[in-house]
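Listed here are the chains, written in short residue letters.
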Amino acid sequence: MADENYEGEAPTGKSDNDYTSEVKDRERGVQQKLLQSDFAGALEIALQDPPYGAGQSVKDHNAKVVVNVLTTSKEKDVDAAVAKLSDDNLDVLMKYVYKGLESGENSNILLKWHESVFAKTGLGSIVRTLAERKAV
Amino acid sequence: GRITGSETFAIHFSSFPSIHSIMATTLRPYLNAVRQSVTAALCLQNFASQIVERHNKPEVEAKTSKELLLNPVVISRTPKERVLLEGSVNSLRISIKVKQINDIEEILSKRFMRFMAQRAENFVILRRKPVSGYDISFLITNFHTETMFKHKLVDFIIQFMEDVDKEISEIALAVNARARVTAQEFLKQFV
């Protein structure tokens, strides 16, 4: 019992279905932006409102959407995109970078993202990835 | 003139980047990411056990309470080469899966890692048994960070990762060279 509220967030009352539809909308928005080669825009959409309270499969789906944006970008787009993000979004981005690094695919570009975010935020974003209860 | 058969072979082969140069492009960023993550996770402080009085256990091993543990993080270079970082309030466990590209390197790395793990006492920060799914594990506690420099510990881990990769490649090459020489000598008697 204690574990459910333990996550430290007020239950938002959003069901998994709500989350799933959000993720699908996000996916569509991201694909549109990617077709227009607007990486910074695609990233903004992808990083909005991470589904912290959702079930594991929804989180995995969202992670796939975000990591897709990260891995399809080119090295030269990375710094420009990172420069435009807010501090909160940078933290969320770092969490997704680590999530993407778990699989071992496309590590080249993900490590470039890691380096770029680290250059901007320092150890703070890494510490927050490790310590925050809200995990992506 | 016309390109002969052996020349096409040479051209074909030289146009592929070697597997090691493909790997080399991600080594530095990989080690940097590991270095930064370890530095971030190495914030340890003394924390006595909340369950048993007068006991002081590395919480990442005991896993007694959720609030004392950090989110585990995996940094992979390839699906077969990665580092797992499990942190907690007073201890950090670093598990490394060493790069092994063929059977020889697998055997070598297993032996090498076992050799070191058996001498874990002298190594201080080494764990006797690797975490399942990995080749070797380190356990660093607050007591270690109190007596040793944190940045030196991190330097050591990174240097270790580099050196192990190099050593194993070297030994694999030496094994292959010796095998070739032995086979040549042996087969001479049949010529």
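Everything here concerns the structure above.
Residues numbered from 1 in each chain as written. Chains lettered and ligands numbered in written order. Predicted model: local features only at pLDDT ≥ 70, side-chain atom pairs only at ≥ 80, totals over all residues. Heavy atoms only, no water.

1. Some details on the interface of chain A and chain B
Stage number 1. If you look at the interface, chain A gives 24 residues, while chain B gives 22 residues.
Stage number 2. Of the roughly 2,000 Å² buried between chain A and chain B on both sides combined, carbon and sulfur atoms contribute 59%.
Stage number 3. Here chain A and chain B share zero salt bridges between them.
Stage number 4. The interface formed by chain A and chain B includes 11 residue pairs in polar contact (both at pLDDT 80 or more).
Stage number 5. Going through the elements one at a time, α1 (2–6), α6 (87–101), α7 (107–121) and α8 (123–131) of chain A are the ones with two or more residues in the side of chain A that touches chain B.
Stage number 6. Residues belonging to the side of chain A that touches chain B are distributed by class as follows: 11 nonpolar, six polar and seven charged. (Contact = heavy atoms within 4.5 Å. Buried area = accessible area lost by both parts, 1.4 Å probe. Salt bridge = Lys/Arg side-chain N within 4 Å of Asp/Glu carboxyl O. Polar contact = N/O pair within 3.5 Å; in protein donor to acceptor, adjacent residues only side chain to side chain. Helix = DSSP H or I, 4+ residues; strand = E, 2+ residues; numbered from the N terminus. Nonpolar A, V, L, I, M, F, W, Y, C, P; charged D, E, K, R; others polar.)

2. Let's talk about the packing of helix α4 (residues 103–118) of chain B against helix α7 (residues 150–188) of chain B
Packed helix pairs are characterised by how far apart their axes lie and by the angle those axes make with each other.
All names here are of chain B.
Stage number 1. At a minimum axis distance of 10 Å, the contact between α4 and α7 shows a crossing angle of 130°. The orientation of α4 relative to α7 falls into the category oblique. In the packing of α4 onto α7, the handedness of the crossing is right-handed. Along its contact with α4, which presents Ile104, Glu105, Leu108, Ser109, Phe112, Met113 and Met116, the element α7 presents Phe160, Val164, Glu167, Ile168, Ser169, Ile171, Ala172, Val175 and Asn176.
Stage number 2. Here the contact of α4 with α7 is built from residues that sort into 11 nonpolar, three polar and two charged. (Axes fitted to C-alpha atoms, helices over the stretch in contact; angles between N-to-C directions. Parallel < 35°, antiparallel > 145°, perpendicular 65-115°, else oblique. Left-handed = near helix turned anticlockwise from the far one by under 90°.)

3. Some words on the pairing of strand β3 (residues 91–97) of chain B
Residues in a regular strand project their side chains so that they alternate between the two faces of the sheet.
Residues and elements named next belong to chain B.
Stage number 1. Burial analysis of β3 places seven of its seven residues in the buried class, the great majority of the element.
Stage number 2. Burial along β3 is two-sided: Ser91, Arg93, Ser95 and Lys97 and Leu92, Ile94 and Ile96, pointing in opposite directions, are all buried.
Stage number 3. Examined bridge by bridge, strand β2 (residues 81–87) and β3 share six bridges and lie antiparallel to one another. Its bridge partner being in β3, valine 83 is matched across the sheet by isoleucine 96. (Buried < 20%, exposed > 50% of the residue type's maximum accessible area, 1.4 Å probe, protein only. Pairing = 2+ DSSP bridges.)

4. Thoughts on the environment of A:Thr20
Residues and elements named next belong to chain A.
Stage number 1. Within the fold, threonine 20 resides in helix α2 (residues 16–35).
Stage number 2. Among the residues examined, threonine 20 registers a relative accessible area of 23% and is labelled partly exposed.
Stage number 3. Between the C-alpha atom of threonine 20 and that of asparagine 62, which follows or precedes it by 42 residues, the distance is 8.6 Å.

5. Structural notes on unusual backbone geometry
Stage number 1. For A:Asn106, which is not glycine, the phi torsion reads 55° and is therefore positive.
Stage number 2. Under the relative-accessibility criterion, A:Asn106 is labelled partly exposed at 45%.
Stage number 3. With a phi angle near 70°, B:Val124 is a residue other than glycine that sits in the positive phi range.
Stage number 4. Mapped onto the secondary structure, B:Val124 falls in the loop between α5 (120–123) and β4 (136–141).

6. Remarks on the pairing of β4(B)
All names here are of chain B.
Stage number 1. Of all six residues making up β4, six are buried, and the element is well covered by its neighbours.
Stage number 2. The alternating pattern of β4 places Ile136, Phe138 and Ile140 on one face and Ser137, Leu139 and Thr141 on the opposite face, and all of these are buried.
Stage number 3. Note that β3 and β4 share six bridges and pair antiparallel. If you follow serine 95 over to β4, its bridge partner there is serine 137.

7. Thoughts on the sheet that holds β3(B)
All names here are of chain B.
Stage number 1. Spatially, β1-β2-β3-β4 is the arrangement adopted by the four strands of the open sheet, whose pairing is antiparallel. For this open sheet the edge positions go to β1 (73–78) and β4, each flanked by a neighbour on one side alone. Across the sheet, the mean angle separating the axes of adjacent strands is 10° when strand polarity is ignored.
Stage number 2. Across the face of the sheet, α7 comes into contact with β2, β3 and β4 while running at roughly 170° to β4.

8. Observations regarding the packing of aromatic side chains
Residue and element names in this part refer to chain B.
Stage number 1. According to the stated counting rule, one finds five aromatic pairs over all chains in the structure shown.
Stage number 2. Judged by centre distance (6.1 Å) and plane angle (55°), the rings of phenylalanine 123 and phenylalanine 156 are tilted. A residue pair is termed long-range when its members are at least 10 positions apart, and phenylalanine 123 in helix α5 and phenylalanine 156 in helix α7 qualify at 33 residues.
Stage number 3. Take phenylalanine 156: its relative accessible area is 32%, and that puts it in the partly exposed class.
Stage number 4. When the centroid spacing of 5.1 Å and the interplanar angle of 90° are considered together, the rings of phenylalanine 138 and phenylalanine 160 count as edge-to-face. Here the residue phenylalanine 138 occupies a position in strand β4, and phenylalanine 160 occupies one in helix α7, the gap between them amounting to 22 residues. (Phe/Tyr/Trp six-rings, centres within 6.5 Å; stacked < 30°, edge-to-face > 60°.)

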